[in-house]
Amino acid sequence: MSINGQISHYNWNNAIKGIPLCRAYEVPLFTDSSIIGLSDYYPYVFIKTIAHSYKPREIKPAIILRVYSHLTQDDNNPSYQCEKSSYDLYHGGWINDEIAALMSLLLGIRLKSGGVTREFENNGDPKGRPIFINANSDPIFIYDTQKMILPKTSRECNLADSHRMSSFPNLAEKDAVLLIKAARLYQEALWIAESDPSNAWIMLVSSIESISGECNNEKYSSRDLIKDILPEFEKSLTKHCNQEAINEIIAPLGVFFGSTRKFVNFILEFFPDPPKDRPPEWCQLLWTEEEVKLAMSQVYNYRSKALHGGIPFPAPMCESPYRDKKSYAEVPIGLATHTKGATWVKGDTKILLHTFEYIVRNVLINWWDSIIPESFHEITTS
């Protein structure tokens, strides 16, 4: 037997169907945030620990995740075909990693699973048996003690704010697969942002693209794509080139700009309201469709340069944000930045990483809301 969906989604639905409990186990969830509140989404239960650290932002096992496994014997011992590779569902983790990633997305905090520390077997000790499995997977968090690139992801948060989690088993199987992959990329981006912000940019872009590429099958001509993504460039071509030259210039760009348009349009479709606490206007991102489209197109372009050209994301977009009395700057400040042999003018760095993280998280959550079946809303509101 083979499981066609994400294992955490499959296990939750098995529990709902009344498939008998196979076993249970516990893993610590590490975070640099302060955790309060309770949450119980059987077969996944979150238990807050008494976790204290002497250093600010130090990671600690602040939550114990108890996983109740309702996988059958066939699920635990599936038969595999060796004729061809199969990795459509692969994201590098297991049930506990998937649930930790969803909670990381919902709460907007760094949260990662460690190894198994206790297991409960049928007819075994009701208090469980302490074990030590995969402890080498316990996460390591590297950061600058003086400044944070994502300053709002280390904070006090309430487990009860993850109420959207209860809708997860009701999602269609294909949507649950997309959501888990996006959440895992988001989770990893938060974890490495302080030590490797350029790669965090790549992962955040990929978290959106992992869904936008699957959800948007619209076809566009190369000319329409250029006109939409780079309107000034299209106007210049029209002014200075004949139609034959224009077609020759833009034809190779169609594939790239098609991906860009899917990425940008998906963000615009599920674009969130601005943050509640905003800095002065001079260091805000203009929360308009036109400006967001330009900023997101620029981000996607830098992602392509990083992946295919070996050029990291611009340094000013990877910096710790300027802070005034009210909040953090949403865009790089200053007219230009020169560092490490490179120069970027203000117009070429339209957004900071922490602002993009806010957008990505809320776009993904808004998309999650859009795929919750109407029947689930009726049940929860009745």
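It should be emphasised that the depicted structure is a prediction, and the values quoted were computed from it without experimental measurement.

Reading the values: rules and limits
- Residues numbered from 1 in each chain as written.
- Predicted model: local features only at pLDDT ≥ 70, side-chain atom pairs only at ≥ 80, totals over all residues.
- Heavy atoms only, no water.
- Helix = DSSP H or I, 4+ residues; strand = E, 2+ residues; numbered from the N terminus.
- Buried < 20%, exposed > 50% of the residue type's maximum accessible area, 1.4 Å probe, protein only.
- Contact = heavy atoms within 4.5 Å.
- Areas by Shrake-Rupley, 256 points an atom, 1.4 Å probe, with all protein chains shown as cover.
- Pairing = 2+ DSSP bridges.
- Salt bridge = Lys/Arg side-chain N within 4 Å of Asp/Glu carboxyl O.
- pLDDT = per-residue confidence, 0-100.
- Axes fitted to C-alpha atoms, helices over the stretch in contact; angles between N-to-C directions.
- Parallel < 35°, antiparallel > 145°, perpendicular 65-115°, else oblique.
- Nonpolar A, V, L, I, M, F, W, Y, C, P; charged D, E, K, R; others polar.
- Core = buried A, V, L, I, M, F, W, Y, C linked by side-chain atoms within 4.5 Å.

> Describe the overall build of the protein chain, naming the residues involved and giving the relevant values.
The helix and strand tally for the protein chain stands at 12 helices and 11 strands. Taken over 382 residues, the protein chain has a buried fraction of 49%. Considering only contacts in the protein chain between residues 6 or more positions apart, those separated by 24 or more positions represent 78%. With an accessible surface of roughly 19700 Å², the protein chain has 52% of that area assigned to carbon and sulfur atoms.

> So what's going on with the side chain of Gln6? Which residues, and what values?
Summarising the element assignment, Gln6 is placed in the segment before helix 1 (7-17). In this structure Gln6 comes out as buried when scored by relative accessible area, which is 2%. If we ignore the near neighbours within four places in the chain, the residues touching Gln6 are Leu89, His91, Glu98, Ala176, Val177, Ile180 and Lys181.

> So, the environment of Ser137: which residues are in play, and what are the values?
Along the chain, the position of Ser137 falls in the loop between strand 8 (129-133) and strand 9 (156-158). Expressed as a C-alpha distance, the spacing of Ser137 and Val116, which sit 21 residues apart in the sequence, is 9.7 Å. The residues touching Ser137, leaving out its near neighbours within four places in the chain, are Ser113, Gly114 and Gly115.

> Pulling in residues and values, what's your account of the pairing of strand 1 (residues 23-31)?
With 8 of its 9 residues buried, strand 1 lies for the most part within the structure. In terms of strand pairing, strand 1 meets strand 5 (residues 60-69) through 9 bridges, oriented antiparallel. The partner of Pro28 across the bridge, within strand 5, is Ile64. Both strand 1 and strand 7 (residues 116-121) contribute to a ladder of 4 bridges, which runs antiparallel. Among the inter-strand pairings, Ala24 is bridged to a residue of strand 7, identified as Phe120. Of the strand pairs in this sheet, strand 1 and strand 6 (residues 112-113) are connected by 2 bridges, and their pairing is antiparallel. If you follow Phe30 over to strand 6, its bridge partner there is Lys112.

> Describe the pattern of salt bridges, with residues and values.
Per the stated rule, a full pass over the model turns up 13 salt bridges. Note that Arg303 is salt-bridged to Glu209, the shortest N-O span being 2.8 Å. Residue Arg303 is located in helix 10 (residues 289-309), and its partner Glu209 is located in helix 5 (residues 197-215); the two are separated by 94 residues in the primary sequence. Judged by relative accessible area, Arg303 falls into the buried class, the value being 7%. Given the relative accessible area of 22%, Glu209 is considered partly exposed.

> Residues and numbers for the environment of Ser304, please.
Position of Ser304 relative to the elements: it lies in helix 10. Ser304 sits in the buried class, given a relative accessible area of 12%. The spacing of Ser304 and Thr260 is 44 residues in sequence and 9.8 Å in space, taken between C-alpha atoms.

> Tell me about the confidence of the model for the protein chain, residues and numbers included.
A low pLDDT score tells you not to read the predicted coordinates there in detail. The share of residues in the protein chain with pLDDT of 70 or more is 87%, and the mean pLDDT across the chain is 88. Considering each helix and strand of the protein chain separately, the mean pLDDT is smallest for helix 6 (residues 222-229), with a value of 58, and largest for helix 11 (residues 353-371), with 98.

> An account of the packing of helix 3 (residues 95-107) against helix 11 is needed here, citing residue identities and associated values.
Look at helix 3 against helix 11: their axes get within 9 Å of each other, and the N-to-C directions meet at 110 degrees. Classified by the interaxial angle, the pair formed by helix 3 and helix 11 is roughly perpendicular. Side by side, helix 3 and helix 11 meet where Leu102, Leu105, Leu106 and Leu107 of the first sit next to Arg361, Leu364, Ile365 and Trp368 of the second. A class-by-class count of the residues in the contact of helix 3 with helix 11 yields 7 nonpolar, no polar and 1 charged.

> Tell me what's going on with the nonpolar core, and back it up with residues and numbers.
Counting residues in hydrophobic clusters, the biggest one holds 85 residues, and the most contacted among them are Phe46, Met296 and Phe356. Beyond its immediate stretch of four places on either side in the chain, Phe46 contacts Leu29, Ser39, Tyr41, Ile63, Ile64, Leu65, Ile99, Met103, Leu159 and Met165.

> Give a detailed account of the environment of Leu294, specifying residues and quantitative values.
Counting through the fold element by element, Leu294 comes out in helix 10. What makes Leu294 partly exposed here is its relative accessible area of 34%. Along the backbone, Leu294 and Val264 are 30 residues apart, and their C-alpha atoms lie at a distance of 8.9 Å.

> Residues and numbers for the packing of helix 4 (residues 173-192) against helix 5, please.
Pairs of packed helices are described in terms of their axes, by the angle between the two and the distance that separates them. Packing of helix 4 against helix 5 leaves a shortest axis separation of 8 Å and a crossing angle of 170 degrees. It follows that helix 4 is roughly antiparallel to helix 5 by the angle criterion. Counted together, Leu178, Lys181, Ala182, Leu185, Tyr186, Glu188, Ala189 and Ile192 of helix 4 and Pro197, Asn199, Ala200, Met203, Leu204, Ser206, Ser207, Ser210, Ile211, Glu214 and Cys215 of helix 5 form the full contact between these two elements.

> Mind laying out unusual backbone geometry, listing which residues take part and the relevant values?
Geometrically, the link from Tyr42 to Pro43 is a cis peptide bond, its omega value of 20 degrees lying close to zero. Position of Pro43 relative to the elements: it lies in the loop between strand 3 (39-41) and strand 4 (44-48). Located in the positive-phi region is Asn123, a residue other than glycine, with phi close to 65 degrees. Among the structural elements, Asn123 can be located in the loop between strand 7 and strand 8. Even without being a glycine, Lys340 presents a positive backbone phi close to 50 degrees. Mapped onto the elements of the fold, Lys340 is located in the loop between strand 10 (336-339) and strand 11 (342-345).

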